[in-house]
Amino acid sequence: MSSESPTSLNDYYYGSDLYSQVPAANSPISLAIPVSNLSRDNGSDLLLINITSDPVTNAFSSQISALSGINGNKLWQKDYPDSLAFATAAGDLNGDHHTDIMVNVVIAGTSFIPYSSVTALDGRNGEEIWNDPHFLAATLAYPIKDITGDNATEFLVHVFGIDSLNGTVATKIAEVDGASGTELGSQIFSGAVAVEYPAGNFSSDTVQDSVTAIYRINQTEQNATTEIEAIDGQDRAMLWNKTFTSLALALPIKDLTGDGRDELMVYLMSFANNNTSSEMAVLQGSDGEFLWKNSFGGVLAFAMAGPDLSGDGRADLIVYKLGNSSDSEVVAVKGDDGSILWTRKGTIILPQ
């Protein structure tokens, strides 16, 4: 992994048809998100995201609009033709003490010259505050807490491209000032797809931490390696990291040890020699050490945090083993050591 912090990805080229990787939608996909006081009437308004795609060309088009919560009137609208775009509330970015909007154009343009962008919009009227374009790349971004102390939300921006020098994928993850669009710092992961996402609280403070999953694929050996980094939400320092010689999916799960810090549930999958195998492991959130690992018979399985089934004052897990309807099974597992409490055929749903 490289820790260099380049200012751009101009040497990276994406030459594939990204639209064809997502099935076309014959009808619009609409998502409405409540947003505080865009219309300045002290009520909640709606941020409406409409996404359509052409079933022939697979080209996306997106529309972002703000609707008044009190009467449904349209406050403003932004159209993104030939684009897959999402939007979210981003706090006060321009200093007017009202909510503004972040728009992430994940991918746009033709298959020959794809581009993407992150844009900050004034929540009141949809006017652009700043825009950060990325050519020949796809972008994934979301708001994070203020880093600079200017009371404006910052953005975490992922830029995915192809390294034209060696033909491998590359990822850049950058912290971007929400007020100005200025890059505050970045890492580039050459030869890897990397994604940082919110997790639980791994430290002794009250600030949510995050996890960076770094994936490197060896096509010759038909396997992958995964590095998991825990990132402190307060100062963005790395708390710990762990490397797996397989594809690993890490998901946050609530405290299982009683130390007041959350854990990570890790699903390990291997496809070497055309054979698929899977294991489940729990990492201790405070230091990344294994609490336990189990294959549950080698079948695909997923876990959910359950109540305290063992009576020791700590949360336990309900594990669902996937398969044919006749083979499905539920396993109650002690959360801190992985010991099996009981098993039962069929499916049991525990409302959360």
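For the structure, check the block above.
Residues numbered from 1 in each chain as written. Predicted model: local features only at pLDDT ≥ 70, side-chain atom pairs only at ≥ 80, totals over all residues. Heavy atoms only, no water.

Regarding the packing of aromatic side chains
Any two aromatic rings considered together are summarised by their centre-to-centre distance and by the angle between their planes.
Link 1 in the chain: Per the stated rule, a full pass over the model turns up five aromatic pairs.
Link 2 in the chain: A cation sits over an aromatic face here: K293 above F290, 5.5 Å from the ring centre. (Phe/Tyr/Trp six-rings, centres within 6.5 Å; stacked < 30°, edge-to-face > 60°. Lys NZ or Arg CZ within 6 Å of the ring centre and 35° of its normal.)

Some details on the environment of K78
Link 1 in the chain: Summarising the element assignment, K78 is placed in strand β4 (residues 74-80).
Link 2 in the chain: Residues K78 and S65 lie 13 residues apart in sequence; the distance between their C-alpha atoms is 6.1 Å.
Link 3 in the chain: Discounting chain neighbours no more than four positions away, the residues touching K78 are S62, Q63, I64, L121 and G126.
Link 4 in the chain: A polar contact of 3.1 Å, which involves the side chain of K78, links it to the backbone oxygen of G126. (Helix = DSSP H or I, 4+ residues; strand = E, 2+ residues; numbered from the N terminus. Contact = heavy atoms within 4.5 Å. Polar contact = N/O pair within 3.5 Å; in protein donor to acceptor, adjacent residues only side chain to side chain.)

Overview of the pattern of salt bridges
Link 1 in the chain: Taken as a whole and judged by the stated rule, the model has ten salt bridges.
Link 2 in the chain: E183 is the partner of K172 in a salt bridge, and the nearest nitrogen-oxygen pair spans 3.0 Å. Here the residue K172 occupies a position in strand β11 (residues 168-176), and E183 occupies one in strand β12 (residues 183-190), the gap between them amounting to eleven residues.
Link 3 in the chain: The partly exposed category is assigned to E183, whose relative accessible area is 31%.
Link 4 in the chain: Between R236 and E196 there is a salt bridge; the shortest N-O distance is 2.9 Å. Here the residue R236 occupies a position in the loop between β15 (223-231) and β16 (238-244), and E196 occupies one in strand β13 (residues 193-198), the gap between them amounting to 40 residues.
Link 5 in the chain: Under the relative-accessibility criterion, E196 is labelled buried at 4%. (Salt bridge = Lys/Arg side-chain N within 4 Å of Asp/Glu carboxyl O. Buried < 20%, exposed > 50% of the residue type's maximum accessible area, 1.4 Å probe, protein only.)

Observations concerning the sheet that holds strand β6 (residues 101-108)
Link 1 in the chain: Taken in spatial order, the four strands line up as β5-β6-β7-β8 in an open sheet, and their pairing is antiparallel. Each edge of the open sheet carries a strand with a single partner, namely β5 (83-89) and β8 (128-135). Taken over all neighbouring pairs, the strand axes of this sheet differ in orientation by 15 degrees on average, direction set aside.
Link 2 in the chain: Where β5 lies against β6, seven bridges are found, and the strand directions are antiparallel. Within β6, the residue paired with A87 across the bridge is V103. (Pairing = 2+ DSSP bridges. Axes fitted to C-alpha atoms, helices over the stretch in contact; angles between N-to-C directions.)

With respect to the nonpolar core
Most often, soluble globular proteins keep nonpolar side chains buried together rather than apart.
Link 1 in the chain: Judged by nonpolar contacts, the single largest core of 21 residues is most densely connected at L47, I64, W76, Y80, A87, I101 and V103.
Link 2 in the chain: For this core, the secondary structure elements donating two or more residues are β2 (44-53), β3 (60-67), β4, β5 and β6.
Link 3 in the chain: Sorting elements by how many residues they give to this core places β6 first, with six residues.
Link 4 in the chain: For L47, the residues in contact, after removing those within four places along its chain, are L31, A32, I33, V35, I64, S65, W76, A87, T88, A89 and I101. (Core = buried A, V, L, I, M, F, W, Y, C linked by side-chain atoms within 4.5 Å.)

Considerations on a nonpolar patch on the surface
Link 1 in the chain: A cluster of nonpolar residues, L300, F302 and L322, forms a patch on the protein surface that exposes about 260 Å² of accessible area.
Link 2 in the chain: Within the element layout of this structure, L300 appears in the loop between β20 (290-294) and β21 (301-305). (Patch = residues over 30% accessible without salt bridge, like charges linked within 9 Å, V, L, I, M, F, W, Y side chains within 5 Å. Areas by Shrake-Rupley, 256 points an atom, 1.4 Å probe, with all protein chains shown as cover.)

Some details on the sheet that holds strand β10 (residues 154-163)
Link 1 in the chain: With antiparallel pairing, four strands are arranged side by side in an open sheet as β9-β10-β11-β12. Looking along the sheet, the strands with just one partner apiece sit at the ends: β9 (138-144) and β12. Between one strand and the next, the sheet's axes are offset by a mean angle of 15 degrees, whatever the strand orientation.
Link 2 in the chain: Sheet topology note: the β9/β10 ladder contains seven bridges and is antiparallel.

Remarks on the pairing of strand β14 (residues 210-218)
Link 1 in the chain: Pairing analysis gives six bridges linking β13 to β14, with the strands arranged antiparallel. Across the sheet, P198 pairs through a bridge with S210, a residue of β14.
Link 2 in the chain: In this structure, β14 lies alongside β15, joined through nine bridges in antiparallel fashion. Following the sheet pairing, Y215 is matched in β15 by T226.

What to know about the environment of D259
Link 1 in the chain: With respect to the helices, strands and loops of the structure, D259 is situated in the loop between β17 (247-253) and β18 (263-270).
Link 2 in the chain: Judged by its relative accessible area of 36%, D259 is partly exposed.
Link 3 in the chain: Within the structure, D259 has its side chain in polar contact with the side chain of T257 (distance 3.1 Å).

Overview of the pairing of β8
The side chains of a regular strand alternate between both faces of the sheet.
Link 1 in the chain: As judged from the seven bridges shared by strand β7 (residues 115-121) and β8, these two strands associate in the antiparallel manner. Paired with Y115 across the strands is F135, a residue of β8.
Link 2 in the chain: Connecting β7 to the next strand, β8, in antiparallel fashion are six residues, including G126 with a positive phi near 80 degrees.

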